[in-house]
Amino acid sequence: MTDLETRLREVHLDEPPLGFDPDEVADRAAKLARKRAAGFAVTVVACAAVVAAFLAGPGPAPAPPAGGPLLPSPAEQARIRQALTDAVTRVLPGLRHLSVGTSPADSVEPAQMSVSAEFVDATGQPGNFQLTVRGPAAGASVVPPDRLCSGSRPEAHCTGVPQPGGAVLVISELAYQGGSGVTVKQDFNGFLYRPDGSTVSVIEGIGYSMTREQLTKVITDPAFELP
Amino acid sequence: MRAGDDADFREFARARALALRRTAYLLCGDWYLAEDLVQNALVKLYRVWPKITRRGPVDNYARQVLLRCWLDEQRRPWRHRERRDGVVPDQPSPAPETGISAPLLRALAEVPPKQRAAVVLRYCADLPAADVAEVLRCSEGTVRSQAARGLETLRGVLEHSAERSA
């Protein structure tokens, strides 16, 4: 064992007292879970209503749904996952392995969903990234482009690239440098803003990092959209 | 979630919150952010708690979720980490780390995130390579290579800062 390994194992931290109550977090998580379940129930009821209306034949036009945006339907979720599979296969040919939608960080929320792609590339290097699709109804939670790179990472370099149809793709580039000042890693993350208020973002994870071109091809795929 | 599962989750959260926050701090170097990450991870964990507890011990899964939360945060340069609600924290900011670990902690922050994760889990948290591989969702060989590269980078950063201060 090296001296550095020993120092890491014995690293000393002056830990402050815990600043949150785990039970309060559990209460919050339970509340969120109930809310999600209620959203799912609303979706099921809405689907049942559509099926009933279809079976009953034409009638008066249904009223628009009250309340906030709905969760993406199971069919939409499956379509997004398939679109991600297709996009990754197209952009990263020769993959040895690909799994989509198996990360614990995946989530489905009203008018948005996050889905991950985990893969092993042709050279055997593993990689993954998370793609989040937000519909126009989720617009309130989206950071506007002009504030995207004004946060606490001054070393990140952001560029905005206008896309056909009026969309703007903002790519952040972050280079990691080793002790000798040599760039040891370069990561690209992207955020696509469409004129209708919908967005698509890609956050890269551990391992293989896509190039700027590969990221652009994935994120601008028109299949990634939600109502 | 059933009452029994809910009680089990609360017990887990109470027992592991500090350890998870310590890991989160070693990854991100900020106590406030570490607490945010742990809370986010616990909320995500709650959603799948009944399912994962049936599969066996949940510690590695919890670390996996925590790591994902940190990577999400770490890789979003557009995320503002300062408080946006205009409320001044009622606790004083913890004193900066002192003692022999301080240069090491500062150097750790300069290691690329993937290597840092391997170093923190393998050495600081003292997990076996197999557990780290489960958390990072990669092979043990990848863990060893990432940890070795991380150590190399860390050594370089420490030497570089020692030269600068000399």
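Please read these numbers as outputs of a predicted model, since none were measured by experiment.

Describing the overall build of chain B
At step 1: When its secondary structure is counted, chain B shows seven helices and zero strands.
At step 2: Going from N to C terminus, chain B has its helices and strands arranged as α-α-α-α-α-α-α.
At step 3: For chain B, buried positions account for 44% of its 166 residues.
At step 4: In chain B, the proportion of contacts linking residues at least 24 apart, taken out of those at least 6 apart, comes to 66%.

Details of the overall build of chain A
At step 1: The helix and strand tally for chain A stands at four helices and eight strands.
At step 2: In sequence order, the secondary structure elements of chain A are arranged as α-α-α-β-β-β-β-β-β-β-β-α.
At step 3: Counting contacts in chain A only where the partners sit at least 6 residues apart, residues at least 24 apart contribute 53% of the total.

Description of the nonpolar core
At step 1: If you look at the biggest cluster of nonpolar residues, it comprises 51 residues, and the most contacted ones within it are Ala24, Leu37, Ala41, Leu66, Trp70 and Val119 of chain B.
At step 2: Contributing elements (two or more residues each) for this core: α2 (22-56) of chain A together with α1 (3-28), α2 (31-55), α3 (59-74), α4 (101-108), α5 (113-124), α6 (129-136) and α7 (140-165) of chain B.
At step 3: Tallying contributions element by element places α1 of chain B first for this core, with nine residues.
At step 4: If we ignore the near neighbours within four places in the chain, the residues touching alanine 24 of chain B are Ala34, Leu37, Val38, Leu66 and Trp70 of chain B.
At step 5: Within the second largest apolar cluster, 31 residues are counted, among which are Val88, Met113, Ile171 and Leu226 of chain A.

As for α6 of chain B
Residues and elements named next belong to chain B.
At step 1: Every buried residue of α6 is accounted for by Val132, Ala133, Val135 and Leu136. One side of α6 carries all its buried residues, which in axial view fall inside an arc of 160°.
At step 2: Positioned one or two residues after α6, arginine 137 has a phi angle of 55°, which is positive.

A look at the confidence of the model for chain A
At step 1: Chain-level statistics for chain A give a pLDDT mean of 78 and a share of 71% at 70 or above.
At step 2: Across chain A, the secondary-structure element scoring lowest on mean pLDDT is α2 of chain A, at 73, and the one scoring highest is helix α3 (residues 74-91) of chain A, at 91.

With respect to the environment of leucine 33 of chain B
At step 1: Relative to the elements of secondary structure, leucine 33 of chain B occurs in helix α2.
At step 2: Separated by twelve residues in sequence, leucine 33 of chain B and arginine 21 of chain B have C-alpha atoms that sit 9.3 Å apart.

Considerations on the packing of α5 of chain B against α6 of chain B
Residue and element names in this part refer to chain B.
At step 1: Where α5 meets α6, the axes come as close as 9 Å, and the angle between the chain directions of the two elements is 140°. One element, α5, and the other, α6, form an angle in the oblique class. Here α5 and α6 pass one another in a crossing that is right-handed. Contacts between α5 and α6 involve Ala117, Ala118, Leu121 and Arg122 from the former and Ala129, Val132, Val135 and Leu136 from the latter.
At step 2: Class assignment of the residues belonging to the contact of α5 with α6 gives a composition of seven nonpolar, no polar and one charged.

A look at the confidence of the model for chain B
All names here are of chain B.
At step 1: On average, residues of chain B score 82 in pLDDT, and 84% of them reach the 70 mark or higher.
At step 2: Confidence over residues 79-98 falls short of pLDDT 50; this stretch has 17 contacts with residues more than four positions distant or in other chains.
At step 3: Predicted complex, confidence summary: ipTM 0.76, pTM 0.53.

A word on the pairing of strand β4 (residues 126-134) of chain A
Residue and element names in this part refer to chain A.
At step 1: Most of β4 sits out of view: eight of its nine residues are buried.
At step 2: Summarising the sheet, strand β3 (residues 112-120) and β4 pair through nine bridges and their orientation is antiparallel. For serine 116, the partnering residue across the bridge sits in β4 and is glutamine 130.
At step 3: Hairpin connection of β3 to β4: five residues between the antiparallel strands, including glycine 124 at a positive phi of 95°.

Concerning α4 of chain B
At step 1: Residues of α4 of chain B that are buried include every one of Leu104, Ala107 and Leu108 of chain B, and no others. Buried residues of α4 of chain B fall within an arc of 100° about the axis and therefore sit on the same side.
At step 2: Lining the buried residues of α4 of chain B we find α1 (3-9) of chain A together with α1, α5 and α7 of chain B.

Let's talk about unusual backbone geometry
At step 1: Unusually for a residue other than glycine, alanine 111 of chain A sits at a positive phi of about 60°.
At step 2: In this fold, alanine 111 of chain A is placed in the loop between β2 (107-109) and β3.
At step 3: What makes alanine 111 of chain A buried here is the crowd of 21 C-beta atoms within 10 Å.
At step 4: One non-glycine residue, aspartate 126 of chain B, lies in positive phi territory at about 55°.
At step 5: With respect to the element layout, aspartate 126 of chain B can be found in the loop between α5 and α6.

So, the packing of α5 of chain B against α7 of chain B
All names here are of chain B.
At step 1: Put simply, α5 and α7 touch, their axes get as near as 8 Å, and they point 100° apart. Here α5 lies roughly perpendicular to α7, going by the angle between them. When α5 is examined against α7, the residues Lys114, Gln115, Arg116, Ala118, Val119 and Arg122 are found in contact with a partner set consisting of Val143, Gln146, Ala147, Arg149, Gly150, Leu151, Thr153 and Leu154.
At step 2: Here the contact of α5 with α7 is built from residues that sort into six nonpolar, four polar and four charged.

Rules and cut-offs
- Residues numbered from 1 in each chain as written.
- Chains lettered and ligands numbered in written order.
- Predicted model: local features only at pLDDT ≥ 70, side-chain atom pairs only at ≥ 80, totals over all residues.
- Helix = DSSP H or I, 4+ residues; strand = E, 2+ residues; numbered from the N terminus.
- Buried ≥ 20, exposed ≤ 12 C-beta atoms within 10 Å, placed from the backbone.
- Contact = placed C-beta atoms within 7 Å.
- Core = buried A, V, L, I, M, F, W, Y, C linked by C-beta atoms within 7 Å.
- Arc of directions from axis to C-beta.
- pLDDT = per-residue confidence, 0-100.
- Axes fitted to C-alpha atoms, helices over the stretch in contact; angles between N-to-C directions.
- Parallel < 35°, antiparallel > 145°, perpendicular 65-115°, else oblique.
- Left-handed = near helix turned anticlockwise from the far one by under 90°.
- Nonpolar A, V, L, I, M, F, W, Y, C, P; charged D, E, K, R; others polar.
- Pairing = 2+ DSSP bridges.

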